[in-house]
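Okay, here's what each chain looks like letter by letter:
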Amino acid sequence: MQKQKRYEALVEQIVERWAEGKPANQMPGSTSTKPCGYYRLTNYLLEYMLLHNAFPAGVHAMPEGRDRFNQVEPSFPVDFDSLIGDAEFPL
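Read on for an overview of the structure. Not measured: the values here are computed from a predicted model. (Residues numbered from 1 in each chain as written. Predicted model: local features only at pLDDT ≥ 70, side-chain atom pairs only at ≥ 80, totals over all residues. Heavy atoms only, no water.)

For the rest of this paragraph, the subject is the packing of aromatic side chains. With the rule as written, the count across this model stands at 6 aromatic pairs. Measuring from centroid to centroid gives 6.4 Å for tyrosine 44 and tyrosine 48, while their planes differ by 25 degrees, and the two rings are stacked. Residue tyrosine 44 and its partner tyrosine 48 are located together in helix H2 (residues 38–52), separated by 4 residues, close to a single helical turn. Counting every residue linked through ring pairs, the aromatic cluster contains Tyr7, Phe55 and Phe89. (Phe/Tyr/Trp six-rings, centres within 6.5 Å; stacked < 30°, edge-to-face > 60°. Helix = DSSP H or I, 4+ residues; strand = E, 2+ residues; numbered from the N terminus.)

Dropping the structure here:
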């Protein structure tokens, strides 16, 4: 649990950088101000870091998701090398 808390702030910073310039979720009925995929990417990155004790490298496909209306949200690629850049992995 302590490791998760340590990673959460860094994950938020990384995902916020990814979200810059992307429009808010355009799905009908969405009340989120975050782009589509924001929460999937946040969860994926945090879970990856907790499991592997490292950042992901290269391009990973975010899995398809479902919104609160059970509508499919498509998969999308994320290039973690460029997204993470020179960030240091917290020990």
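A few words on the environment of methionine 1. Assignment of secondary structure puts methionine 1 in the segment before helix H1 (2–19). Once the C-alpha coordinates of methionine 1 and leucine 50 are considered, the two residues, 49 residues apart in sequence, prove to be 9.7 Å apart.

What follows covers the nonpolar core. Ranked by internal contacts, the top residues of the largest apolar core, which has 20 residues, are Trp18, Leu41, Met49, Val78 and Phe80. Going through the elements one at a time, H1, H2, strand S4 (76–79) and helix H3 (80–84) are the ones with two or more residues in this core. Broken down by element, this core gets its largest block of residues, 7 residues, from H1. Those residues within four positions of phenylalanine 80 in sequence are excluded, and the remaining contacts are Leu41, Tyr44, Leu45, Pro56, Ala57, Gly58, His60, Met62 and Gly85. (Core = buried A, V, L, I, M, F, W, Y, C linked by side-chain atoms within 4.5 Å. Buried < 20%, exposed > 50% of the residue type's maximum accessible area, 1.4 Å probe, protein only. Contact = heavy atoms within 4.5 Å.)

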